[in-house]
Amino acid sequence: MAQQNGTSEQSTEPDYFQTNPKPPNLDRQITSARSFIEQHASQDRRVALVTSGGTTVPLENQTVRFIDNFSAGTRGATSAEYFLEAGYAVIFLHRQFSLLPYSRHYSHSTNCFLDFMTHNDAGAVVVESEYQQQMAQVLSRYRKAKQENTLLLLPFTTVNEYLWLLRGLAMQMQPLGANGLFYLAAAVSDFFVPAERMVEHKIQSSEDFQEDLTNGSGARAPAAHMDGKRLVIDLDPVPKFLKMLVDGWAPRSMIVSFKLETDPSLLARKARYALEKYSHHLVIGNLLNTRKWEVLFVSADGGERWIRVPAGRRSHSVTQWHQDSAHLEEPTIEIESWIVPEVAKEHTKMIEKTLSK
Ligand code: PAZ
């Protein structure tokens with residue numbers, strides 16, 4: 001790949017779409033996005049593309065095994081609700097079966113959704129009284145989004161589907177100009193198996209069923225293959241799509257990316273590095289263990305500031321949080337309810353600047 005050879009990263013990106021197959025349902029997804037965007041562009045409404053959840057890396061074409069990551073889609077699904085509340089239309093590009101706006105309150109939790117229900121005296125199924133008030137509020141926000149057609153759900157599973165969709169949607173959002181916002185909260189794989197190095201069938205663990213990998217042709221071995229009893233996985237880097245997004249696919253939109261780290265001493269440096277490398281508007285840094293309680297905003301004007309919501313145990317210092325976060329109580333405030341209005345404010349400034357030119 002380009003970085004290994006010291007050649008430009010950009011040269012690999014067009015190649016990516018030449019050499020990795022277009023997902024079969026891409027055109028249908030892009031068509032539905034086009035009419036959604038046209039509707040909101042005609043109403044001069046801002047449109048946020050919120051990405052959410054983790055991408056998978058399949059090891060076989062007929063996929064039995066794949067590499068995945070931890071992301072549940074909480075950040076994306078929660079943020080999408082606050083963008084809707086702030087008046088945006090939202091394209092929610094999410095990992096299939098990860099958390100969704102509104103339904104997230106009742107899915108993937110320790111409760112089964114049936115735990116929210118009961119029978120009334122007449123035997124009809126109703127919501128338990130303790131959940132009535134909160135569910136009524138969620139329901140009315142959900143209904144509003146449906147009535148006004150402000151939420152479009154588009155699923156992906158693999159990193160390949162994600163990249164094709166991101167590119168296709170960015171092109172569709174170009175006519176929105178500065179009214180478009182990219183909020184990239186998905187956990188996208190850094191490494192993948194390119195199509196040319198993907199085996200068709202399930203990798204055979206038994207030595208009795210293994211094949212010659214290259215057929216003596218000199219071609220590179222499949223990215224995932226058996227070497228005796230060992231499974232060897234040798235992945236290529238995913239091309240740096242953020243650069244293409246900023247420079248080519250969405251040059252006039254506001255672009256906000258997230259940076260995840262586990263080492264607190266690296267977070268600010270890595271976030272600033274990403275911002276300088278890709279020249280977009282804002283990087284929001286977060287640590288795996290404290291991401292529900294604190295995030296670091298690193299913006300193009302040089303500013304750096306933490307946003308922190310109160311934790312269950314207020315007596316803890318942030319350093320203690322990093323050491324002891326497994327025992328933190330859930331925050332009483334969803335941090336996205338503070339993140340999104342800040343992002344929207346920055347977006348307003350950017351739109352005003354564009355209009356004054
Ligand atoms: O999905 P989730 O709520 O469990 O986690 C959110 C997150 C940590 C994936 C997100 O905030 C993030 O940092 N996304 C970017 C990851 C990265 O590519 O560095």
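Above: the structure in question.
Quantities reported herein were computed from a predicted structural model and do not represent experimental measurements. (Residues numbered from 1 in each chain as written. Predicted model: local features only at pLDDT ≥ 70, side-chain atom pairs only at ≥ 80, totals over all residues. Heavy atoms only, no water.)

A. View of the overall build of the chain. Across its full length, the chain carries 10 helices and 16 strands. Within the chain, buried positions represent 46% of all 357 residues. When contacts within the chain are restricted to residue pairs at least 6 apart in sequence, those whose partners lie at least 24 apart make up 70%. Of the roughly 18,700 Å² that the chain leaves accessible, carbon and sulfur atoms contribute 50%. (Helix = DSSP H or I, 4+ residues; strand = E, 2+ residues; numbered from the N terminus. Buried < 20%, exposed > 50% of the residue type's maximum accessible area, 1.4 Å probe, protein only. Contact = heavy atoms within 4.5 Å. Areas by Shrake-Rupley, 256 points an atom, 1.4 Å probe, with all protein chains shown as cover.)

B. Representation of the pairing of strand β14 (residues 282-287) within the structure. The buried fraction of β14 amounts to 6 of the 6 residues, a majority that puts the element mostly inside the structure. Both faces of β14 are covered, namely the face carrying Leu282, Ile284 and Asn286 and the face carrying Val283, Gly285 and Leu287. Two elements, strand β13 (residues 254-261) and β14, share 6 bridges in a ladder whose sense is parallel. Opposite Leu260, over in β14, you have Asn286 as the bridge partner. Once the chain exits β13 it traverses helix α8 (residues 264-278) before rejoining the sheet at β14, and the crossover so formed is right-handed. Where β14 and strand β15 (residues 294-299) come together, 4 bridges link them in antiparallel fashion. Across the sheet, the residue bridging to Gly285 is Leu296, located in β15. Hairpin connection of β14 to β15: 6 residues between the antiparallel strands. (Pairing = 2+ DSSP bridges. Right-handed = clockwise from strand over helix to strand, strands pointing away.)

C. Fine view of the sheet that holds strand β4 (residues 89-95). Judged by pairing direction, the sheet is mixed, and its 8 strands sit side by side in the order β7-β4-β1-β8-β13-β14-β15-β16 without closing on themselves. The sheet terminates laterally at β7 (151-156) and β16 (304-308), the two strands that pair on one side only. Averaged over all pairs of adjacent strands, the angle between their axes in this sheet comes to 20°, without regard to strand direction. Contacts from helix α7 (residues 241-249) reach β8 (180-184) and β13, with the element oriented near 165° to β13. Relative to β8, helix α10 (residues 336-355) is tilted by about 145°, and along the sheet it contacts β8, β13, β14, β15 and β16. (Axes fitted to C-alpha atoms, helices over the stretch in contact; angles between N-to-C directions.)

D. Structural view of the site of the ligand. Taken together, the neighbourhood of the ligand is formed by 14 residues, with Ser71, Gly73, Arg75, Leu260 and Asn286 sitting nearest. Residue Gly73 places a main-chain N or O atom 2.8 Å away from an oxygen atom belonging to the ligand. Note that a nitrogen atom of the ligand is positioned 3.1 Å from one of the backbone N or O atoms of Ala185. Here the ligand, which alone exposes 470 Å², has 90% of that area covered by the protein. Put simply, the parts of the chain that give the shell around the ligand at least two residues each are α4 (74-85) and β13. Ranked by residue count, the leading element in the shell around the ligand is β13, at 3 residues. (Near = heavy atom within 4 Å. Polar contact = N/O pair within 3.5 Å; in protein donor to acceptor, adjacent residues only side chain to side chain.)

E. The packing of aromatic side chains, seen in detail. Going through the model one piece at a time under the given rule, you end up with 12 aromatic pairs. Ring geometry for Tyr16 against Phe192: centres 5.5 Å apart, planes inclined by 45°, an arrangement best described as tilted. Taken together, the residues span a long stretch of sequence, with Tyr16 in helix α2 (residues 12-19) and Phe192 in strand β9 (residues 191-192) at a distance of 176 residues. On the basis of relative accessible area, Tyr16 is assigned to the buried category, the value being 4%. (Phe/Tyr/Trp six-rings, centres within 6.5 Å; stacked < 30°, edge-to-face > 60°.)

F. Main features of the packing of α4 against α10. One can describe the packing of α4 onto α10 by two numbers: an axis separation of 9 Å at closest approach and a directional angle of 60°. By the angle class used here, α4 and α10 are oblique. Crossing handedness for the pair α4 and α10: right-handed. Of the residues in α10, those touching α4 at Thr74, Arg75, Thr78, Ser79, Tyr82 and Phe83 are Glu336, Ser337, Ile339, Val340 and Val343. (Parallel < 35°, antiparallel > 145°, perpendicular 65-115°, else oblique. Left-handed = near helix turned anticlockwise from the far one by under 90°.)

G. Spatial organisation of unusual backbone geometry. Phi at Tyr102 takes a positive value of approximately 70°, unusual for a residue other than glycine. Although it is not a glycine, Asn149 sits at a positive phi angle of roughly 50°. Summarising the element assignment, Asn149 is placed in the loop between α5 (129-147) and β7. A relative accessible area of 33% means that Asn149 is categorised as partly exposed.

H. Just the environment of Trp306, in detail. Among the structural elements, Trp306 can be located in strand β16. Contact partners of Trp306, with chain neighbours within four places excluded, come to Leu267, Glu294, Val295 and Leu296.

I. Molecular detail of the side chain of Ser257. Following the sequence through the fold, Ser257 ends up in strand β13. Within the local environment of Ser257, its side chain forms a polar contact with the side chain of His280, the two groups lying 2.8 Å apart. Not counting the four nearest positions on each side in its chain, Ser257 is found in contact with Leu184, Leu242, His280, Leu282, Val283 and Ile284.

Purely geometric stuff here, so don't read any function into it on its own.
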